[in-house]
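Report on the structure
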Amino acid sequence: MESGLPLEDILQKLAEEGYRISRRTFLYYVQLGLLPKGKRKGQKSGGVKFYYPAWTLERLKTILRLKKQGLTLKEIKKRLPREIPSPPPPKTFPQAARLKDCNVCGICGAICPVHEEMDLPPWRLIQAWREGPDSLPSANTPWVCVGCYLCEERCPQGIPVVDFLRFLRREGLPPGKRWRKHPEWSRIFWSLLEERGRSFDFGAVHAYHIRIIGSGENQRLFLRLPGPEGEKEVSAPSKIKNLSAFRRALEHAREWP
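To start, this report covers the structure provided alongside it. The shown structure was predicted, so the numbers you read here are calculated from the model rather than taken from an experiment.

Okay, the packing of aromatic side chains next. Under the defined criterion, the tally for this structure stands at 6 aromatic pairs. Note on phenylalanine 93 and phenylalanine 164: the rings are 5.5 Å apart at their centroids and 70 degrees apart in plane angle, and the pair reads as edge-to-face. Linking phenylalanine 93 in the loop between α4 (73–79) and α5 (96–99) with phenylalanine 164 in helix α10 (residues 161–170), this pair joins segments that are 71 residues apart in sequence. This pair shows no difference in class: phenylalanine 93 is buried, exactly as phenylalanine 164 is. Three or more aromatic residues joined by ring pairs make a cluster, and in this case those are Phe93, Trp129, Phe164 and Phe167. It is lysine 41 that lies over the ring of tyrosine 51; its NZ or CZ is 5.4 Å from the centre. Sitting over the ring of tryptophan 123, arginine 124 keeps its end group 5.9 Å from the ring centre.

Below, the structure is given as structure tokens:
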């Protein structure tokens with residue numbers, strides 16, 4: 001895969017968005033220092049092409065907008081930063097090599113106690129990741145996982161499924177890509193667990209979209225009902241005994257690598 005964009009692709013993308021600029025004008029802007037210089041690369045079919053950083057496209061649109069406002073090229077050059085850094089590449093899962101051992105047996109999806117709430121089973125995300133981070137579907141699976149480790153205990157290949165899903169939640173998506181589902185379900189489940197030592201059944205959180213207002217003793221919870229009732233206020237789960245010891249156990253668990 002070539003790094004950067006060839007000039008032809010840049011001009012085509014601009015035309016699709018309603019911007020008009022000739023090849024000659026583009027090269028003139030490069031000569032003036034308004035746009036970065038391209039990198040020359042030989043082609044398998046013969047000849048060469050010049051490739052420009054991905055941020056060239058947005059920079060050029062900024063130039064054209066400012067020019068339309070009546071600014072001179074000299075004035076525009078003063079407004080532009082010297083360089084727009086490319087977005088950082090997605091981080092690599094530390095145990096990525098172990099994902100290659102997945103044989104698509106489906107046990108991780110079948111044994112999961114909340115699999116009915118998942119858009120896709122974990123093994124589907126593992127296979128997508130192996131094809132490349134850009135192939136990841138926007139499923140709610142990483143957020144629904146409650147970290148019970150049943151999948152890892154039963155996995156015949158010993159794949160770190162829970163760690164993989166946790167990685168996707170925190171930092172596994174490519175720049176600019178977002179999960180389709182909001183992580184509200186996961187936040188509610190764990191906030192109740194930390195404050196009270198117990199939570200609603202995760203299926204109920206998902207099915208009824210429990211909404212939380214406030215925190216601690218002032219916390220109010222509502223079920224978003226599908227019928228004409230709209231919302232119904234419900235009581236928070238009662239606190240467990242010796243809550244302080246439970247919280248210490250959670251803190252200890254967070255310290256694990």
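Another aspect to go through is the pairing of strand β3 (residues 48–52). The sheet contact formed by strand β1 (residues 5–6) and β3 spans 2 bridges and is antiparallel. In the strand pairing of β3, proline 6 is matched with tyrosine 51. Where strand β2 (residues 39–42) and β3 come together, 4 bridges link them in antiparallel fashion. The residue bridging arginine 40 from the neighbouring strand is phenylalanine 50, located in β3.

Cut-offs and rules
Residues numbered from 1 in each chain as written. Predicted model: local features only at pLDDT ≥ 70, side-chain atom pairs only at ≥ 80, totals over all residues. Heavy atoms only, no water. Phe/Tyr/Trp six-rings, centres within 6.5 Å; stacked < 30°, edge-to-face > 60°. Helix = DSSP H or I, 4+ residues; strand = E, 2+ residues; numbered from the N terminus. Buried < 20%, exposed > 50% of the residue type's maximum accessible area, 1.4 Å probe, protein only. Lys NZ or Arg CZ within 6 Å of the ring centre and 35° of its normal. Pairing = 2+ DSSP bridges.

All we've got here are geometric facts, nothing functional implied.
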